[in-house]
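Okay, here's what each chain looks like letter by letter:
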Amino acid sequence: GRFRFRAETRIAQRLIRSLNPQGTVLDLGSGIGYWAEHFAESFTKVVAVEASTPLYNALKQRCALYPNVKAVQGDVLLFEPEDRYELVFLGGLLMYLNEEDVVSLLRKLVCSLEPGGMIVCRETTVRQGVVTRDGEYQAVYRSDSTYTRIFKRCGLSVVRSKQNKP
């Protein structure tokens, strides 16, 4: 996990290097807060939203030393943005949502972006189409082209897609 996080942070840093560090980051589905902590070191403010109580508690603990991190416990689909965001980070969140919820969420987020702001999605993808996993672990794996189509529905364009290879 640490190797993957280090590799992904290098990719993310290249993608976001043009953003204003005085801006605010929205980390939706922040889990235990690895990304929130990472962004707290580079941006003025980070809002991290997590629904799961155990993950939220871990997020609060991890980011306790960062006064610029505001942790919010809540469902990302019900979250109402209060700020304008330089960066919205979706770290493995969209694969747990159906397509209409993804579209609804992205449309809401577009309205909260600063001019020149960016939405970065870190998702597990498939080569083509959509693969849905049912059962105990439910997830929807989409291809890059599927995400591109969804983003276009929301008025977004895909600037870059980068595969994380070991």
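For the structure, see preceding data.
Rules used throughout
- Here, residues in each chain are numbered from 1, in the same order as that chain's written sequence.
- Under the rules for a predicted model, residues below a pLDDT of 70 receive no local features and side-chain atom pairs below 80 are neither given nor counted, while totals for whole chains, interfaces and linings still include all residues.
- Calculation of side-chain values draws on the structure's entire complement of heavy atoms; hydrogens and water are dropped beforehand.
- The pocket and cavity definitions rest on a 1 Å grid over protein atoms only: a 1.4 Å probe that fits but cannot leave marks a cavity, an open set with protein on both sides within 12 Å along at least five of seven lines marks a pocket, and residues lining either have an atom within 4 Å of a point.
- Grid points are joined across faces, edges and corners, and a volume is the space filled by probe spheres set on the points.
- Here a strand is any run of E in DSSP of at least two residues, a helix any run of H or I of at least four, and the numbering for each starts at the N terminus.
- Two strands are said to pair when DSSP picks up at least two bridges between them.
- Here, residues are in contact when the closest pair of their heavy atoms is within 4.5 Å.
- Axis geometry follows a simple rule: fit a line to the C-alpha atoms, using only the stretch in contact for helices, then measure angles between N-to-C directions, giving values from 0 to 180 degrees.
- Salt bridges are defined as contacts in which a side-chain nitrogen from Lys or Arg sits within 4 Å of a carboxyl oxygen from Asp or Glu.
- Only protein chains enter the accessibility calculation, which uses a 1.4 Å probe. A residue is then buried if its area is under 20% of the maximum for its type, exposed if over 50%, and partly exposed in between.

**Student:** Would you explain the layout of surface pockets in this entry?
**Tutor:** Picture a little ball the size of a water molecule; that probe, rolled over the atoms, points out where space is still empty. Taken as a whole, the second largest pocket spans an internal volume of roughly 450 Å³. Taken together, 21 residues form the lining of the second largest pocket, with Arg4, Tyr34, Trp35, Gly91 and Arg122 sitting closest to its centre. For the lining of the second largest pocket, the elements supplying multiple residues, two or more each, are α1 (2-16), α2 (34-40) and β4 (85-91). It is α1 that provides the largest number of residues to the lining of the second largest pocket, a total of four residues.

**Student:** I keep staring at the sheet that holds strand β7 (residues 130-133) and nothing clicks. Help me out?
**Tutor:** An order of β6-β8-β7 is seen for the three strands of this open sheet, with the pairing classed as mixed. What marks the edges here is a single partner per strand, and that holds for β6 (125-126) and β7. Note that β6 and strand β8 (residues 139-143) share two bridges and pair parallel. Paired with threonine 125 across the strands is arginine 142, a residue of β8. The strands touched by helix α5 (residues 144-153) within the sheet are β6, β7 and β8, with β8 carrying the most contacts at an inclination of about 90°.

**Student:** Got a minute to help me understand the sheet that holds strand β5 (residues 113-122) in this structure?
**Tutor:** By definition, the strands of a sheet pair up through backbone hydrogen bonds, in either a parallel or an antiparallel sense. Overall, parallel pairing links the five strands, which are arranged β3-β2-β1-β4-β5 in an open sheet. The open sheet terminates on both sides in strands that have one partner only, identified here as β3 (69-73) and β5. On average, each strand axis in the sheet is inclined to that of its neighbour by 15°, with strand direction left out of account. Where strand β2 (residues 45-50) and β3 come together, five bridges link them in parallel fashion. Residue valine 49 lies in a different strand from β3, and its bridge partner there is valine 72. Most of the contacts of helix α4 (residues 99-110) go to β5, to which it runs at about 150°, and overall it touches β1 (24-28), β4 and β5.

**Student:** What am I meant to see in the pattern of salt bridges here?
**Tutor:** Pairs may arise between side chains of opposite charge once their charged atoms sit close together. For the structure shown, the criterion picks out eight salt bridges. Residue lysine 45 is joined to aspartate 83 by a salt bridge in which the shortest nitrogen-to-oxygen separation is 3.1 Å. Of the two residues, lysine 45 is situated in strand β2 and aspartate 83 in the loop between β3 and β4; the sequence distance between them amounts to 38 residues. Here glutamate 99 ties to arginine 149 by a salt bridge, and the two come within 2.8 Å at their closest N and O atoms. Residue glutamate 99 is found in helix α4, and its partner arginine 149 is found in helix α5; the two are separated by 50 residues along the sequence. Overall, glutamate 99 belongs to the partly exposed group, its relative accessible area being 22%. Judged by relative accessible area, arginine 149 falls into the partly exposed class, the value being 40%. Each of the salt bridges in this network shares a partner with another, and the network as a whole consists of Glu99, Glu100, Arg149 and Arg153.

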